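Spelled out from the first residue to the last, the chains are:
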Amino acid sequence: MIKSLAVGTPIQALDLLALPLSRLLKQATALREAIFGRRIVLCAIINARSGNCAMDCRFCSQSRHNHTPIDIFPLLPDAELRERILRMAALPVAHIGIVTSGAALSGEEFSRLRACIAALPTAVKPRVCASLGRLAAEQLTDLAAAGLSRYHHNLETSQAYYPHVCTTQTWEQRRETVLRGMRVGFTACTGGLFGLGESWEDRVAFAFSLKKLGVRQVPMNFLHPHPQTPLAGQPPLTAEEALRIVALFRHILPTATLRICGGRPVVLGDRQAEAFAAGANALMTGDYLTTHGQCLESDLNMLARLGLEVDGDGVCAAAS
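These numbers come from a predicted model, not from an experiment. (Residues numbered from 1 in each chain as written. Predicted model: local features only at pLDDT ≥ 70, side-chain atom pairs only at ≥ 80, totals over all residues. Heavy atoms only, no water.)

Enquirer: Quick question: what am I supposed to make of the packing of helix H4 (residues 78-89) against helix H5 (residues 107-118) here?
Expert: Relative placement of two packed helices is described by the angle separating their axes and the distance separating the axes. At a closest axis distance of 10 Å, the pairing of H4 and H5 adopts a crossing angle of 40°. By the angle between their directions, the pair H4 and H5 is classed as oblique. The two elements H4 and H5 meet at a crossing, and its hand is right-handed. In contact with Asp78, Leu81, Arg82 and Ile85 of H4, H5 contributes Arg112, Leu113 and Cys116. (Axes fitted to C-alpha atoms, helices over the stretch in contact; angles between N-to-C directions. Helix = DSSP H or I, 4+ residues; strand = E, 2+ residues; numbered from the N terminus. Parallel < 35°, antiparallel > 145°, perpendicular 65-115°, else oblique. Left-handed = near helix turned anticlockwise from the far one by under 90°. Contact = heavy atoms within 4.5 Å.)

Enquirer: Is there a simple way to explain the pairing of strand E1 (residues 39-49) in this structure?
Expert: Across a regular strand the side chains alternate sides, sitting on one face of the sheet and then on the other. Burial runs high along E1: ten of the eleven residues are buried. Two strands pair when backbone bridges link them, and E1 and strand E10 (residues 309-311) are joined in this way by three bridges, in the parallel orientation. Following the sheet pairing, Ile40 is matched in E10 by Val310. As paired elements, E1 and strand E9 (residues 282-284) share three bridges and run parallel to each other. When the sheet's bridge partners are listed, Cys43 is paired in E9 with Met284. (Buried < 20%, exposed > 50% of the residue type's maximum accessible area, 1.4 Å probe, protein only. Pairing = 2+ DSSP bridges.)

Enquirer: So what exactly am I meant to see when it comes to the UniProt feature "binding site: [4Fe-4S] cluster" (unreviewed entry) in the chain here?
Expert: Cross-referencing UniProt, the feature "binding site: [4Fe-4S] cluster" (unreviewed entry) maps to Cys53, Cys57 and Cys60 in the present numbering. Residue position: Cys53 is located in the loop between E1 and H4. Structurally, Cys57 is set in the loop between E1 and H4. Assessed through its relative accessible area of 10%, Cys57 is described here as buried. Each residue touching Cys57, except ones within four places of it in the same chain, is listed here: Ser63, Asn66, Val165 and Cys166. (UniProt positions renumbered as here; feature names shortened; annotations may be inferred.)

Enquirer: I'm lost on the environment of Ala256 in this one. Help?
Expert: By the secondary structure assignment, Ala256 is in the loop between helix H9 (239-252) and strand E8 (257-260). Given a relative accessible area of 1%, Ala256 falls into the buried group. Among all residues touching Ala256, those that are not within four sequence positions of it are Phe36, Val215, Arg216, Val218, Arg250 and Asn281.

Enquirer: How should the confidence of the model for the chain be read in this particular structure?
Expert: Low-confidence regions, as indicated by low pLDDT, have predicted coordinates that should not be scrutinised in detail. Taken over all residues, the pLDDT of the chain has a mean of 92, while the share at 70 or more is 94%. Segment residues 314-320: pLDDT under 50, and 13 contacts once partners within four positions in sequence are set aside and those in other chains are kept. (pLDDT = per-residue confidence, 0-100.)

Enquirer: Help me out: how do you make sense of the environment of Cys261 in this one?
Expert: Relative to the assigned elements, Cys261 resides in the loop between E8 and helix H10 (264-268). The sequence separation of Cys261 and Ala44 amounts to 217 residues, and the corresponding C-alpha distance is 9.4 Å. Setting aside chain neighbours within four positions, we find Cys261 in contact with Pro219, Met220, Asn221, Met284 and Tyr288.

Enquirer: Explanation requested: the pairing of E8 in the structure shown.
Expert: Here E8 shows no split at all, with Thr257 and Arg259 on one side and Leu258 and Ile260 on the other all buried. As defined by bridge partners, strand E7 (residues 217-222) adjoins E8 across four bridges and the pair is classed as parallel. Within E8, the position partnered with Val218 by the bridge is Leu258. For the crossover from E7 across H9 to E8, the handedness is right-handed. (Right-handed = clockwise from strand over helix to strand, strands pointing away.)

And the structure:
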C-alpha cells in the first residue's frame, strides 16, 4: 500500500493535483495510518527572545526591517525560562521548543541558554528542542553536550523561490545549518512556510529537497499575513489549498512526521480536523511566536472526537 501511494518524482507529485480532494485525502490518510497508526504527536513552543531580527524575511513580524507592533525582549531570565519549560513538561506535549529571534544566538545569551538546558531534569531534556538561528558547529556541539538532541531550522520554501522571501541570507546557508546540526547528531526539525506566493512546482521541489536531506520532522506553517510587513496584503491560502499541500507532502515524504504549526486557525478555520485526513500526524498546540494559536484543551478535545491518540514520542509504527 505504501509503495503504491507514495510518489518518487516531481512529475508524479504534480499529477496528484488533478485528483479530487476527497480521493487525495483518502490516499494520504491511508499513508499516515500505515506508518503512524492513529497516533498524533503534540509540541509547543516558548518565544524566548523576541523581535529586533536583522534578517529581512518578508513575512516576519520580528524583522527590524518591518514595523509590526509586537513585544520585543531579550532572552528570558534564566529562572523564568526554566519555569516555563518545566510547566510545559507537565503537559501531554512530546516536544518543547525554545525559539529565539535573530540570525543566531551568540555570546552571553548562548552561554545562559546552554546552562539552562544542561541543568534541566534528565527526564525533561529529551523533550526539549531549540531554534536559535545559524549557529556554528562548535555551538551546536556545545548544545549536544548539554543534552539537546533536536534542532529546528526551517528552509522556508524552495531553493529557487527563497530569494523572493529573504535577501540577507541564502537558502544554501540555511541548508548548511541543518546539515551542521545533523552532523553533530541532532534530529533535524526542518520545514517551511506556505502561501508566500510560491508555485506548486516550488512546493514539490521543496518537499523533494527535504527528502534528499533525510529530514524526518517537518513543521508546516501557513502564512498569517502580519500588518506592516511586505506580505501584509498577501491573501491567505484557502483551506482546500492548504490541505492539498499537506497531502502532497505526505505522498512525497511518507515516513516523515508532518507537523501542522503556524497559521492553522486562520487558514484551516473550522476544517482543522481535516489536516489529519490530509496526512498530518503532529500538531503544534498553544500560541505561536507573535500570534495566538489554539489552546491545548481544544486540541485534545478535537483529537478525542476523531478517535486519535496522543503519542508520547512520535516514533513511526513501521520503525518500532
